[in-house]
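# Report on the structure
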Amino acid sequence: MKLVKLLANLGYGSRKEVQRLIRAGAVTDDQGHVLGESDFPPHASIRFRGEPLDPPFPLLLMLNKPDGYTCSADDPGATIYDLLPARFALRNPVLSPVGRLDKDTTGLLLLTDDGQLLHKIIHPKSGCLKIYHAVLDRPLQGHEAALFASGELVLRNEGKPLLPAGLEVVGDKQARVTLHEGRYHQVRRMFAAAGNHVLALQRIAIGGLCLPADLPEGEWRELTADERTAIFQGLGDGNVLG
Ligand code: URA
């Protein structure tokens, strides 16, 4: 790939802007030698204004999503893209959330520019379960685990029953829910069907990848190789975290 195209795809500017930047000497190698449009050293040795380039395709990030941010790029309010470098919203291929979280749901959100990987993670057959911690308005009544596990729960305005889901009681008004699919507002609607109301919802794991305790809300980072692998390693049928 040509240098201009690479930088434009990484969101450093339009092709014209990038061309201008290259001609102005903003792009160098790691020795400080100015690069021209036809130079193309290895990605790791390219510098933009002295800084290493953003990671190339395929990019996989985790974000600890705070409350109040939507996962949609064109929402007029605060979006998850406000928490990332502005360039990331301009990447080609597009950097997309791997399954959306509601505006008021917090926790583990993956983003990738790799469409195949995205599909693989969200597809129910991939076996990548998602685990949520829910804080409820009213005490659990005791019937919820059987209802969620039944494979017969049909949400309002839907025809197809939900896949069996897990529920682990963590407190009088707190539970962990394990899903194998991702329907609209699924956890909130499941508790509504059980006569309760979710006050706060946090995604704490995707597959065997748990939200790292050292990733503060609003912060993001690339996944390590082990973390990538963990996504596709289930937590076992109990799905009981730490
Ligand atoms: N279920 C919900 O209700 N909301 C989310 O954001 C994710 C799962």
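About the cut-offs
- The residue numbering used here restarts from 1 in each chain and proceeds along that chain's sequence as written.
- Two thresholds apply to this predicted model, a pLDDT of at least 70 for residue-level local features and 80 or more for giving and counting side-chain atom pairs, whereas whole-chain, interface and lining totals are computed over all residues.
- Each side-chain value is worked out from all heavy atoms of the structure, with water and hydrogens disregarded.
- When two rings of Phe, Tyr or Trp (its six-membered ring) have centres within 6.5 Å they constitute a pair, described as stacked for plane angles under 30 degrees, edge-to-face for angles over 60, and tilted for the intermediate range.
- Think of it this way: any DSSP run of H or I at least four residues long counts as a helix, any run of E at least two long counts as a strand, and we number them from the N terminus.
- Note on exposure labels: buried denotes an accessible area under 20% of the residue type's maximum, exposed denotes more than 50%, and partly exposed covers the range between, all computed with a 1.4 Å probe on protein chains only.
- Two conditions define a charge located above a ring, namely a distance within 6 Å from the ring centre to NZ of Lys or CZ of Arg, and an angle within 35 degrees of the ring normal.
- Boundaries between domains were set according to an automatic or database domain assignment.
- Here, two residues are considered to be in contact whenever any of their heavy atoms come within 4.5 Å of each other.
- By buried area we mean how much accessible surface two parts lose on assembly, using a 1.4 Å probe and totalling the loss over both.
- Think of a salt bridge as a Lys or Arg side-chain nitrogen and an Asp or Glu carboxyl oxygen that are within 4 Å of each other.
- Under this definition, polar contacts are N or O atom pairs within 3.5 Å; protein pairs additionally need one hydrogen-donor-capable and one acceptor-capable atom, and for neighbouring residues in sequence, both atoms have to be side-chain atoms.
- In this classification, Asp, Glu, Lys and Arg are treated as charged, Ala, Val, Leu, Ile, Met, Phe, Trp, Tyr, Cys and Pro as nonpolar, and every other residue, Gly included, as polar.
- Here the rule is simple: two strands pair whenever DSSP picks up at least two bridges between them.
- Here, proximity means that at least one heavy atom of the residue falls within 4 Å of the molecule or strand.
- In these tables, accessible area is a Shrake-Rupley quantity obtained with a 1.4 Å probe, and a residue counts as shielded only by the protein chains included in the view.
- Summarising the geometry, the arc corresponds to the directions from the helix axis toward the C-beta atoms.

## A closer look at the packing of aromatic side chains
This structure, assessed with the given rule, holds three aromatic pairs. With a centroid separation of 5.4 Å and an interplanar angle of 65°, the aromatic rings of Phe88 and Trp220 are classed as edge-to-face. Here Phe88 is found in the loop between strand E4 (60-65) and strand E5 (96-97), whereas its partner Trp220 is found in strand E12 (residues 220-222), with 132 residues between them in sequence. A ring pair is formed by Phe148 and Phe191, whose centres lie 5.2 Å apart and whose planes are at 75°; its orientation type is edge-to-face. Of this pair, Phe148 sits in helix H4 (residues 144-149) while Phe191 sits in helix H5 (residues 186-193); the two residues are 43 residues apart in sequence, bridging distant segments of the chain. In this structure, Phe148 and Phe191 share a single accessibility class: buried. One residue, Arg91, lies across the ring of Phe88, its end atom 5.8 Å from the ring centre.

## Some details on the domain arrangement of the protein chain
In terms of domain boundaries, the protein chain breaks down into domain 1 (3-52) and domain 2 (54-242). On a C-alpha basis, the centres of domain 1 and domain 2 stand 36 Å from each other. With seven residues of domain 1 in contact, the opposing surface of domain 2 contributes seven residues. Between domain 1 and domain 2 lies a buried interface of about 660 Å² when both sides are counted; carbon and sulfur atoms form 47% of it. Applying the counting rule to domain 1 against domain 2 returns zero salt bridges. Across the contact surface, domain 1 and domain 2 share three residue pairs in polar contact (both at pLDDT 80 or more). Split into classes, the residues belonging to the side of domain 1 that touches domain 2 amount to four nonpolar, three polar and no charged.

## Thoughts on unusual backbone geometry
Backbone torsion omega between Phe57 and Pro58 reads -5°, so that peptide bond is classified as cis. As for its placement among the helices and strands, Pro58 is situated in the loop between strand E3 (51-52) and E4. Even without being a glycine, Arg49 presents a positive backbone phi close to 50°. With respect to the element layout, Arg49 can be found in the loop between strand E2 (46-48) and E3. Judged by its relative accessible area of 58%, Arg49 falls in the exposed class.

## Overview of the pairing of strand E10 (residues 198-206)
Judged from the three bridges that link them, strand E6 (residues 105-112) and E10 form a sheet pairing that is parallel. Pairing of Thr105 across the sheet is with Leu201, part of E10. Where strand E7 (residues 130-136) and E10 come together, seven bridges link them in antiparallel fashion. Among the inter-strand pairings, Val135 is bridged to a residue of E10, identified as Ala200.

## Quick notes on the environment of Leu111
Tracing the chain through its elements places Leu111 in strand E6. Distance from Leu111 to Ile122, taken between C-alpha atoms, is 12 Å for residues eleven residues apart in sequence. Beyond its immediate sequence surroundings of up to four residues, Leu111 is in contact with Leu59, Leu60, Leu61, Leu63, Ile80, Tyr81, Leu84, Leu95, Ser96, Pro97 and Val98.

## Concerning the site of the ligand
For the ligand, the full set of nearby residues is Leu101, Asp102, Thr105, Tyr132, His185, Gln186, Val187, Arg188 and Leu201. Between the ligand and the protein, one listed contact pairs an oxygen atom with a side-chain N or O atom of Thr105 at 2.8 Å. Taking Val187, its main chain carries an N or O atom lying 3.0 Å from a nitrogen atom of the ligand. Across the complex, the protein chains shield 96% of the 240 Å² of accessible surface that the ligand would expose by itself. Counting residues per element, the shell around the ligand draws most heavily on H5, at three residues. Split by residue class, the shell around the ligand holds four nonpolar, three polar and two charged.

## Points about helix H3 (residues 115-122)
Every buried residue of H3 is accounted for by Leu117, Leu118 and Ile121. Buried residues along H3 cover an arc of 100° about the axis, so they all sit on one side. For H3, the exposed residues lying more than 90 degrees away from the buried face are Gly115 and Gln116. Tucked into the core, H3 has its buried residues touching E4, E5, E6, E7, E10 and helix H6 (225-231). Capping the start of H3, Asp114 holds a side-chain oxygen 3.1 Å from the backbone nitrogen of Gln116, two or three residues further along.

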